[in-house]
Amino acid sequence: MSRITLSRYLIEQTRSNNTPADLRFLIEVVARACKEISYAVSKGALGGVLGSMETENIQGEVQKKLDVLSNDILLEANEWGGHLAGMASEEMDNAYQIPGKYPKGAYLLVFDPLDGSSNIDVNVSVGTIFSVLRCPDRNGEEGDLGEEAFLQPGTEQVAAGYAIYGPQTMLMLTLGNGVKGFTLDRELGSFVMTHDNIQVPAQTKEFAINMSNQRHWEAPVTRYVDELLAGKSGPLEKDYNMRWVAAMVADVHRILTRGGMFMYPRDSREPEKPGKLRLMYEANPMSFIIEQAGGAATNGYQRILDIQPTSLHQRVAVFLGSKEEVERVTGYHQA
Ligand code: AFP
């Protein structure tokens with residue numbers, strides 16, 4: 001059986017789906033960077049990469065060594081190829097400028113270099129999440145690319161994906177026409193397509209939420225989770241199971257694989273923040289992937305992909321996964 005590598009898939013997309021060659025190149029470079037991150041993650045203590053730095057990112061979170069290393073790998077891999085006009089990351093306060101010595105391109109790359117990094121030291125799955133946008137026309141304007149260029153709703157994404165560094169390293173990708181899954185073949189050094197036409201079942205009996213925050217939730221979330229917990233004898237008339245990895249990539253990957261409902265609602269701990277997860281490089285790419293697999297994603301009130309971002313590191317409440325459950329909890333917010 002001939003194997004469909006990521007490279008072959010992308011070339012076929014250029015022919016059949018008009019995927020531009022520079023977008024293909026960009027995805028190939030991101031995938032190569034993810035391979036490098038995967039190797040660093042898998043070395044763990046042997047590579048001296050575990051533990052924290054003495055720095056914090058703009059969110060006030062202590063940076064892990066692997067957060068910084070992964071960020072550097074993605075920047076270095078992508079800055080010279082001529083396909084990008086700029087990059088932005090969870091780990092950097094401002095937009096990253098393509099150095100003047102390199103050509104600039106048509107796209108913007110936004111990423112969370114190592115999602116779930118609090119899991120690294122305990123050897124649980126982590127991942128890289130990325131989103132690709134077109135750079136708006138700058139009308140010949142020279143100089144630094146400002147944050148405004150990135151502030152586009154998720155519907156404008158031309159590609160999104162994530163790599164999960166778990167028992168296997170996988171890359172899940174959408175170019176806006178479905179979701180494909182590729183597994184890293186370490187002997188071959190290539191991502192090979194192992195999951196075609198991924199679909200999230202509309203119904204589920206599994207949910208994911210950090211229950212320790214229950215006392216801080218808003219009423220619609222409390223109502224919904226109470227109903228899930230009530231099981232067969234409650235209004236939903238079925239028993240639900242619960243899973244929480246605390247790495248969005250791992251929780252979303254499970255949902256893409258077998259369905260489920262992922263929630264990180266806003267809560268009363270920090271009322272000024274509309275949630276914990278970041279819109280541009282967590283919620284938007286994951287919502288694009290989930291929708292492309294037939295699921296749904298909202299912030300309780302509206303489709304996540306329709307939200308007009310106002311800042312690079314904006315936070316958002318997230319309800320995503322199996323369509324019927326997302327519609328139910330979204331309905332409770334509107335009741
Ligand atoms: P870290 O990358 O700082 O570990 O955060 C991961 C994350 O943003 C997301 O991937 C998880 O779903 C969520 O945080 C877990 O948050 P709790 O620790 O509050 O459950």
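Residues numbered from 1 in each chain as written. Predicted model: local features only at pLDDT ≥ 70, side-chain atom pairs only at ≥ 80, totals over all residues. Heavy atoms only, no water.

Caption draft 1: View of the overall build of the protein chain. Along the protein chain, the regular secondary structure elements total seven helices and 17 strands. At 19 Å, the protein chain has a C-alpha radius of gyration in line with the 20 Å of a compact globule built from 335 residues. Reported as C-alpha extents along the three principal axes, the dimensions of the protein chain are approximately 65 × 50 × 45 Å. Here the protein chain holds 335 residues, and 56% of them are scored as buried. Partitioning the contacts of the protein chain with sequence separation of at least 6, the portion at a separation of at least 24 is 65%. Summed over its atoms, the accessible surface of the protein chain is roughly 14,300 Å², and 48% of this surface lies on carbon and sulfur atoms. Counting 32 positive and 43 negative side-chain charges, the protein chain places the centres of these two groups 6 Å from one another. (Helix = DSSP H or I, 4+ residues; strand = E, 2+ residues; numbered from the N terminus. Rg over C-alpha atoms; globule rule 2.2 N^0.38 Å. Buried < 20%, exposed > 50% of the residue type's maximum accessible area, 1.4 Å probe, protein only. Contact = heavy atoms within 4.5 Å. Areas by Shrake-Rupley, 256 points an atom, 1.4 Å probe, with all protein chains shown as cover. Lys, Arg positive; Asp, Glu negative; His and termini not counted. Charge placed at Lys NZ, Arg CZ, Asp CG, Glu CD.)

Caption draft 2: Looking closely at the pattern of salt bridges. The full count for this structure, using the stated rule, is 16 salt bridges. Residues glutamate 218 and arginine 266 are paired through a salt bridge, measuring 3.7 Å at the closest nitrogen-oxygen approach. Placement of the pair is glutamate 218 in the loop between β11 (206–208) and α4 (219–230) and arginine 266 in the loop between β13 (261–264) and β14 (277–278), with a sequence separation of 48 residues. Looking at glutamate 218, the relative accessible area reads 28%, which means it is partly exposed. The exposure class of arginine 266 is partly exposed, given its relative accessible area of 28%. (Salt bridge = Lys/Arg side-chain N within 4 Å of Asp/Glu carboxyl O.)

Caption draft 3: Highlighting the nonpolar core. Core analysis: the biggest nonpolar cluster contains 43 residues, and Ile27, Leu109, Phe130, Val132, Leu171 and Leu173 have the highest contact counts within it. Contacts of leucine 171, omitting those with residues within four sequence positions, involve Leu6, Ala31, Cys34, Phe130, Tyr162, Ala163, Lys180, Gly181, Phe182 and Phe191. Membership of the second largest hydrophobic core comes to 34 residues, among which are Ala247, Ala250, Phe262 and Leu320. (Core = buried A, V, L, I, M, F, W, Y, C linked by side-chain atoms within 4.5 Å.)

Caption draft 4: Quick look at the packing of helix α1 (residues 6–16) against helix α2 (residues 21–43). Between α1 and α2, the shortest axis-to-axis distance is 10 Å and the interhelical angle comes to 165°. With respect to each other, α1 and α2 are oriented roughly antiparallel. As for how α1 packs across α2, the hand of that crossing is right-handed. Residue-level inspection shows Leu6, Ser7, Leu10, Ile11 and Thr14 of α1 in contact with α2, the latter providing Ala21, Arg24, Ile27, Glu28 and Ala31. When its residues are assigned to classes, the contact of α1 with α2 shows six nonpolar, two polar and two charged. (Axes fitted to C-alpha atoms, helices over the stretch in contact; angles between N-to-C directions. Parallel < 35°, antiparallel > 145°, perpendicular 65-115°, else oblique. Left-handed = near helix turned anticlockwise from the far one by under 90°. Nonpolar A, V, L, I, M, F, W, Y, C, P; charged D, E, K, R; others polar.)

Caption draft 5: Examining the site of the ligand more closely. Near the ligand, the surroundings consist of 15 residues, among which Asp115, Gly116, Asn210, Met248 and Tyr264 are the closest. Within the backbone of glycine 116, an N or O atom sits 2.9 Å from an oxygen atom of the ligand. At a separation of 2.6 Å, an oxygen atom of the ligand approaches a polar side-chain atom of tyrosine 264. Out of a free accessible area of 480 Å², the ligand has 86% covered by protein chains. Those elements giving two or more residues to the shell around the ligand turn out to be β13 and β14. (Near = heavy atom within 4 Å. Polar contact = N/O pair within 3.5 Å; in protein donor to acceptor, adjacent residues only side chain to side chain.)

Caption draft 6: Region of the structure containing the domain arrangement of the protein chain. Considered domain by domain, the protein chain is made up of domain 1 (6–195) and domain 2 (206–334). The interface of domain 1 with domain 2 comprises 47 residues on the first partner and 31 residues on the second. Between domain 1 and domain 2 the total buried area reaches about 2,900 Å² when both faces are included, carbon and sulfur atoms providing 65% of it. At the surface where domain 1 touches domain 2, the tally comes to one salt bridge. Residue glutamate 90 is joined to arginine 278 by a salt bridge in which the shortest nitrogen-to-oxygen separation is 2.9 Å. Our count for the domain 1 to domain 2 interface comes out at 14 residue pairs in polar contact (both at pLDDT 80 or more). Only β3 (84–89), β5 (107–115), β6 (126–134), β7 (159–165) and β8 (169–174) provide two or more residues apiece to the side of domain 1 that touches domain 2. Looking at which element gives the most residues to the side of domain 1 that touches domain 2, the answer is β6, with seven residues. By residue class, the composition of the side of domain 1 that touches domain 2 is 23 nonpolar, 18 polar and six charged. (Domains from an automatic or database assignment. Buried area = accessible area lost by both parts, 1.4 Å probe.)

Caption draft 7: The arrangement of the side chain of serine 322 in detail. Note that serine 322 resides in the loop between β17 (318–321) and α7 (323–334). Serine 322 gets classed as buried once you look at its relative accessible area, which sits at 0%. Contacts of serine 322, omitting those with residues within four sequence positions, involve Val200, Pro201, Ala202, Gln203, Thr204, Gly259 and Gly260.

Caption draft 8: Main features of the environment of glutamine 63. Residue placement: glutamine 63 occurs in strand β2 (residues 62–64). In this structure, the C-alpha to C-alpha distance between glutamine 63 and aspartate 226, residues 163 residues apart in sequence, is 35 Å.

Caption draft 9: Region of interest: the side chain of serine 131. Tracing the backbone through its elements, the reader meets serine 131 in strand β6. Among the residues examined, serine 131 registers a relative accessible area of 2% and is labelled buried. One polar contact links serine 131 to glutamine 157, side chain to side chain, over a distance of 2.9 Å. Setting aside anything within four residues of it in sequence, one finds serine 131 in contact with Leu108, Leu109, Val110, Gln157, Ala159, Ala160, Met280 and Pro285.

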